Amino acid sequence: MRLSRYFLPTLKETPAEAQIVSHRLMLRAAMVRQHAAGIYTWLPLGFAVLKKIEQIVREEQNRAGAQEMLMPTIQSAELWRESGRYDDYGKEMLRITDRHERDMLYGPTAEEVITDVFRTSIRSYKDLPKILYHIQWKFRDEVRPRFGVMRGREFLMKDAYSFDLDTATARHSYNQMFVAYLRTFARMGLKAIPLRAETGPIGGDLSHEFIVLADTGESEVHCHRALLEKPTPEGVDYDADLQPLVDEWTGLYAAADEMHDVTKAASLGDDLVTARGIEVGHIFHFGTKYSAPMGATVTGPDGDPVTVAMGSYGVGVSRLVGAIIEASHDDAGIIWPEAVAPFHVGLINLKVGDEGTDAACASLYDALGPDRVLYDDRDERAGAKFADMDLIGLPWQVIVGPKGLAKGVVEMKNRATGEREEISAESALARLSG
Ligand code: ATP
Ligand code: MG
């Protein structure tokens, strides 16, 4: 993409309303614009990152055996009356009345919708297990929307739902999602630690939150240092028994502040890490909480009806954009991990209009392709170009000017380390294409 044509209205000033670094940088780097409290428009740069994150989530869900579908954003209140949540949900639910005076709502989550699809479509235990998911916008009328996309009112969530015949197989579905989450966050360059979470009114159920460590996180967490150093599971066979792997991850001490066991934590000594964190995912096994009141049953092996055991598994896709920035930035701007970067390379032309420089840039641009390179071909001061490129945080910069070209070199800069190297345009191309 040529920057002269790209819609990238970066800001020089730090917007006063933004309290945390990711929000400031997302506004300055022209990733989002606020439309109303907690509601954002995603501009091209922000949207490109959102899509990359979404795609990683999708690939890891598919790998674990979950199937993608798409449920509506606007839901009928009737289903929520059946599950009993219509009155319980409170003011966070945005309630809408249509022209026929029917009660509708903007979905804050989709347990009721998926349970309804399930009960009208699946009749036999032979069709189990199933894990279905979608990546769809949600609305929750949060009391205090803040921190930009991290606590929005409208936000993009991946929510998956599992259906099993009994608790033992439901546990396997849960473990599949648990492992998929470890892989998903690691692929984005994040350290996410699983924390045993409170499950609310239904005791005895199983739930974990996945927390990314960042100073601005809303929750305080305590964990064993070894949890931060564990390598990501590779080459996972999702059909195999995943319990030993999950036990390895849940066997080490990790607790949110409210569940923190001070005595146990103290026994860890120097191995105890206390930090702040951002919740990027949350998985639940809740058994028959929705399937029982909504009548989601299948015919079991002996011919009797069985109420299915369910779980739900959320990832905050749009929150992750902010969380990654919280975890990866410096004073100059964002530092995108390669896997989620909107472009791989920023190409800076130091002398637009100079025939040799223009030609060298054009040939690099063509060779790398417009999807991988953001080419700063604007007639601007070098300083402004450097500042914008650092701000938007692409992993690599290639800086091309007449002085270097006279020596047969361009400059290649690694955004994360700041390392600079003078190499030939051909070598730069070879490295960036690798
Ligand atoms: P929180 O405790 O942060 O309010 P939650 O427990 O209400 O979140 P879940 O229902 O578990 O959220 O939703 C699944 C995921 O969706 C969360 O882990 C989080 O990453 C994301 N999420 C929830 N609420 C918001 C929001 N208001 N803005 C952005 N992302 C959100
Ligand atoms: Mg949660």
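Placed above this text is the structure.
Engineer: What exactly am I supposed to notice about the pattern of salt bridges here?
Structural biologist: Inspection of every chain in the model, using the stated rule, returns 30 salt bridges. The closest approach of N and O atoms between Glu 422 and Lys 407, which form a salt bridge, is 3.2 Å. Residue Glu 422 is found in strand 23 (residues 420-423), and its partner Lys 407 is found in the loop between helix 14 (402-406) and strand 22 (410-414); the two are separated by 15 residues along the sequence. In the salt-bridge network here, residues are joined through shared partners; they are Glu 59, Glu 60, Arg 63, Arg 183, Arg 187 and Glu 234.

Engineer: Looking at this structure, I do not really get the layout of surface pockets. What am I missing?
Structural biologist: Summary: where empty space remains is shown by rolling a probe the size of a single water molecule over the atoms. Quantified by volume, the largest pocket comes out at close to 1,200 Å³. Every residue lining the largest pocket is counted, 49 residues in all, and those nearest its centre are Arg 140, Met 157, Glu 279, His 282 and Phe 284. When residues of the lining of the largest pocket are assigned to their parent elements, the largest contribution, nine residues, is made by strand 13 (residues 272-287). In the lining of the largest pocket, the residues fall into 19 nonpolar, 14 polar and 16 charged. Those elements giving two or more residues to the lining of the second largest pocket turn out to be strand 9 (192-196), helix 8 (243-250) and strand 12 (254-256). Broken down by element, the lining of the second largest pocket gets its largest block of residues, three residues, from strand 9. Here the lining of the second largest pocket is built from residues that sort into eight nonpolar, three polar and three charged.

Engineer: So what exactly am I meant to see when it comes to the site of ligand 1 here?
Structural biologist: Taken together, the neighbourhood of ligand 1 is formed by 14 residues, with Glu 142, Arg 151, Gly 152, Glu 279 and Arg 319 sitting nearest. Contact distances for ligand 1 include 3.5 Å between a nitrogen atom and a backbone N or O atom of Met 150. Interatomic distance of 3.4 Å between a backbone N/O atom of Val 280 and an oxygen atom of ligand 1. Computed on the free molecule, ligand 1 has an accessible area of 580 Å², of which 81% lies beneath the protein chains in the complex. According to the grid-proximity analysis, the pocket containing ligand 1 is the largest pocket. Elements with a minimum of two residues in the shell around ligand 1: strand 8 (154-164) and strand 13. Take the shell around ligand 1: its biggest share by element is four residues, from strand 13. Residues of the shell around ligand 1, tallied by class, amount to five nonpolar, four polar and five charged.

Engineer: Teacher, can you tell me more about the environment of Ala 332 here?
Structural biologist: Note that Ala 332 resides in the loop between strand 17 (329-330) and strand 18 (333-334). On the accessibility criterion, Ala 332 (32% relative accessible area) is partly exposed. Sequence separation between Ala 332 and Glu 112 is 220 residues, and the spatial gap between their C-alpha atoms is 45 Å. Among all residues touching Ala 332, those that are not within four sequence positions of it are Asp 390, Leu 391 and Arg 415.

Engineer: Help me understand the coordination of the magnesium ion (ligand 2) in this model?
Structural biologist: The magnesium ion (ligand 2) binds to the protein through Glu 279 (OE) and His 282 (ND1); the donor distances cover 2.1 to 2.4 Å. Judged by relative accessible area, Glu 279 falls into the partly exposed class, the value being 27%. Under the relative-accessibility criterion, His 282 is labelled buried at 15%.

Engineer: Help me out: how do you make sense of helix 2 (residues 44-63) in this one?
Structural biologist: Residues spaced three or four apart along an α-helix face the same direction, because each turn holds 3.6 residues. Between its first and last C-alpha atoms helix 2 spans 28 Å; for 20 residues at 1.5 Å apiece the expected length is 28 Å, and the two agree. Buried within helix 2 are the following residues: Leu 45, Gly 46, Val 49, Leu 50, Ile 53, Glu 54, Ile 56, Val 57, Arg 58, Glu 60 and Gln 61. Downstream of helix 2 by a residue or two, Gly 65 has a phi angle that is positive, lying close to 100 degrees.

Engineer: Help me understand the packing of aromatic side chains, please; the structure alone is not making it clear to me.
Structural biologist: The description of an aromatic ring pair rests on the distance of the ring centres and on the angle between the ring planes. With the rule as written, the count across this model stands at eleven aromatic pairs. Between Tyr 106 and Phe 139, the aromatic rings sit 5.7 Å apart at their centres with planes inclined by 55 degrees, giving tilted as the arrangement. One end of the pair, Tyr 106, is in strand 6 (residues 103-106); the other, Phe 139, is in strand 7 (residues 130-139), with 33 residues separating them in the sequence. An identical accessibility class is assigned to Tyr 106 and Phe 139; each is buried. Clustering of aromatic rings is evident, with ring pairs tying together Phe 178, Tyr 181, Phe 185 and Phe 210. Directly above the aromatic system of Tyr 86 lies the positively charged group of Arg 95, at a separation of 4.6 Å from the ring centroid. Geometry around Trp 249 places Lys 230 over its ring, the cationic atom sitting 5.4 Å from the centre.

Engineer: I tried to follow empty space enclosed by the protein on my own but got confused; where do I start?
Structural biologist: Counting across every chain of the model gives one cavity of 30 Å³ or more. The computed volume of the largest cavity comes to approximately 60 Å³. Around the largest cavity sit Gly 38, Tyr 40, Trp 42, Trp 137, Val 149, Gly 152, Glu 154, Phe 155 and Ser 318, which together line it. Breaking the lining of the largest cavity down by element, the ones donating at least two residues are strand 2 (39-42) and strand 8.

Scoring rules and cut-offs
- Residues numbered from 1 in each chain as written.
- Chains lettered and ligands numbered in written order.
- Predicted model: local features only at pLDDT ≥ 70, side-chain atom pairs only at ≥ 80, totals over all residues.
- Heavy atoms only, no water.
- Salt bridge = Lys/Arg side-chain N within 4 Å of Asp/Glu carboxyl O.
- Helix = DSSP H or I, 4+ residues; strand = E, 2+ residues; numbered from the N terminus.
- 1 Å grid on protein atoms, 1.4 Å probe; cavity = no way out; pocket = protein on both sides within 12 Å on 5 of 7 lines; lining within 4 Å.
- Points joined across faces, edges and corners; volume = space filled by probe spheres on them.
- Nonpolar A, V, L, I, M, F, W, Y, C, P; charged D, E, K, R; others polar.
- Near = heavy atom within 4 Å.
- Polar contact = N/O pair within 3.5 Å; in protein donor to acceptor, adjacent residues only side chain to side chain.
- Areas by Shrake-Rupley, 256 points an atom, 1.4 Å probe, with all protein chains shown as cover.
- Sits in = over half its atoms within 2 Å of the grid points.
- Buried < 20%, exposed > 50% of the residue type's maximum accessible area, 1.4 Å probe, protein only.
- Contact = heavy atoms within 4.5 Å.
- Donors = N, O, S within 2.8 Å, 3.2 Å for Na, K, Ca; no water.
- Expected span 1.5 Å × (residues − 1).
- Phe/Tyr/Trp six-rings, centres within 6.5 Å; stacked < 30°, edge-to-face > 60°.
- Lys NZ or Arg CZ within 6 Å of the ring centre and 35° of its normal.

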